[in-house]
Amino acid sequence: MPEPLTMREAVADWEIHLRAEGKSPKTVEIYTSAARRLPRVEASAREVRAVLAGLMDRSPAYASLHYRAWQQWFRWLRSERLITTNPLESIRPPRVPVKPVPVLSDADLRRLLAACSGSEFTARRDAALIRLFVDTGCRASEILGLQPEALDLRTMSVLVLGKGRRPRIVPFGSKTAEALRRYLRARRSHRWSHLPDLWLSRYGRLTHSGLAQMLARRSVKAGLARVYPHQLRHSAAHRWLANGGGETDLMRLMGWSSREMLARYAASAADERARQAHRHAALGDRL
């Protein structure tokens, strides 16, 4: 009878499986790191609860992230017949308090865009970036992973690769198309224009860190609290819903496969949208 796999061997095999499924490097790292927190391959429910309790001390969201990764881990172990029972079947997922992400008002967004005025390369780039974020609601990884060929200024749309490398086409407006056209023209004379990446910086391709630093600088210039990339995505979802956009359409545009994410994003400024709906209905005035 073959010897059972060690935890290290099992995680290494799972990593190969995740890569074969086309999972992103970030997802692979999150999943495998979560698995390594467990004491052994055939962890008991008691052992998993103990680890989960320690993670809850840090934050419910952090514990929930590990729980979701373990769901995939134990499912794979069962499929490989490395375990006979799934310890998570008797463990409820952690409750994560909903903390709506602050969204930017239209006035805030105008100030942020005004802070990007100018004809120099960084001004053209930052204006195009922010407009594309707000107009499409795409994830930071989707936008930073773009190549120039993904843009179609004629149809005013962009082809992005979402989670699981699922492609989708997202439209944008004429002002975003104009900002992108100006950026592409400026990009031609950039020292790193030979790179395949759409977004460039003084050091080469624009990274997540570079994006965060850019938004921090523009926030200060606009006189706003620091703006983060995920706020732009939440703001895009809020603006869509506040202007009467359908939830199913929003799910398609945002690349969500479940309504759980819709509920999470809809929570941002939900009270404001409810007040707007009340004022629009004016039911009391009809009496």
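Look up: the structure comes first, before these words.
Residues numbered from 1 in each chain as written. Predicted model: local features only at pLDDT ≥ 70, side-chain atom pairs only at ≥ 80, totals over all residues. Heavy atoms only, no water.

Caption draft 1: Here's a closer look at the nonpolar core. Counting 40 residues, the largest nonpolar core has Leu129, Leu146, Val158, Trp199, Leu211 and Leu232 as the members making the most contacts within it. With eight residues, helix H6 (residues 121–136) is the single largest residue contributor to this core. If sequence neighbours within four positions are ignored, Leu232 has contacts with Leu104, Leu109, Leu112, Phe133, Val134, Leu215 and Val227. (Core = buried A, V, L, I, M, F, W, Y, C linked by side-chain atoms within 4.5 Å. Buried < 20%, exposed > 50% of the residue type's maximum accessible area, 1.4 Å probe, protein only. Helix = DSSP H or I, 4+ residues; strand = E, 2+ residues; numbered from the N terminus. Contact = heavy atoms within 4.5 Å.)

Caption draft 2: A look at helix H11 (residues 247–254). When we look at burial in H11, the residues that qualify are Leu250, Met251 and Met254. For H11, the angular spread of the buried residues around the axis is 100°, confining them to a single face. For H11, exposure combined with an orientation more than 90 degrees from the buried face picks out Thr248 and Arg252. Following H11 by one or two positions, Gly255 adopts a phi angle in the positive range, close to 80°. (Arc of directions from axis to C-beta.)

Caption draft 3: Structural view of the pairing of strand E3 (residues 167–171). With burial as the criterion, only one face of E3 is covered, namely that bearing Arg168 and Val170; the residues Pro167, Ile169 and Pro171 on the opposite face remain uncovered. Inspection of the sheet shows strand E2 (residues 157–161) paired to E3 by five bridges, in the antiparallel sense. By the bridge assignment, Val160 is partnered in E3 with Arg168. Linkage of E2 to E3, two consecutive antiparallel strands, is achieved through a turn of five residues, within which Gly164 is found at a positive phi near 70°. (Pairing = 2+ DSSP bridges.)

Caption draft 4: Main features of the packing of helix H5 (residues 106–114) against H6. Look at H5 against H6: their axes get within 9 Å of each other, and the N-to-C directions meet at 155°. Our classification of the angle between H5 and H6 gives roughly antiparallel. The segment H5 lies against H6, with Leu109, Leu112 and Leu113 engaging Ala127, Ile130, Arg131 and Val134. Of the residues in the contact of H5 with H6, the class split is six nonpolar, no polar and one charged. (Axes fitted to C-alpha atoms, helices over the stretch in contact; angles between N-to-C directions. Parallel < 35°, antiparallel > 145°, perpendicular 65-115°, else oblique. Nonpolar A, V, L, I, M, F, W, Y, C, P; charged D, E, K, R; others polar.)

Caption draft 5: Local environment of the pairing of E2. Taken together, the two bridges between strand E1 (residues 151–152) and E2 define a ladder with antiparallel strand orientation. From the neighbouring strand, Asp152 faces E2, where its bridge partner is Ser157. Between E1 and E2, which pair antiparallel in sequence order, lie four residues; one of them, Met156, sits at a positive phi of approximately 55°.

Caption draft 6: Summary view of the packing of aromatic side chains. Applying the stated criterion across every chain yields a total of five aromatic pairs. For the pair Trp14 and Tyr31, a centre-to-centre distance of 5.8 Å together with 5° between the ring planes defines the contact as stacked. Linking Trp14 in helix H1 (residues 7–20) with Tyr31 in helix H2 (residues 25–36), this pair joins segments that are 17 residues apart in sequence. Note on accessibility: Trp14 and Tyr31 belong to one class, buried. Measuring from ring centre to ring centre gives 4.9 Å for Tyr183 and Trp199, while their planes differ by 25°; the resulting arrangement is stacked. Residue Tyr183 is found in helix H8 (residues 174–187), and its partner Trp199 is found in the loop between H8 and strand E4 (200–201); the two are separated by 16 residues along the sequence. Looking at Tyr183, the relative accessible area reads 0%, which means it is buried. Judged by its relative accessible area of 1%, Trp199 falls in the buried class. One cation-aromatic arrangement involves Arg58 over Tyr62; the distance from NZ or CZ to the ring centre is 3.8 Å. (Phe/Tyr/Trp six-rings, centres within 6.5 Å; stacked < 30°, edge-to-face > 60°. Lys NZ or Arg CZ within 6 Å of the ring centre and 35° of its normal.)

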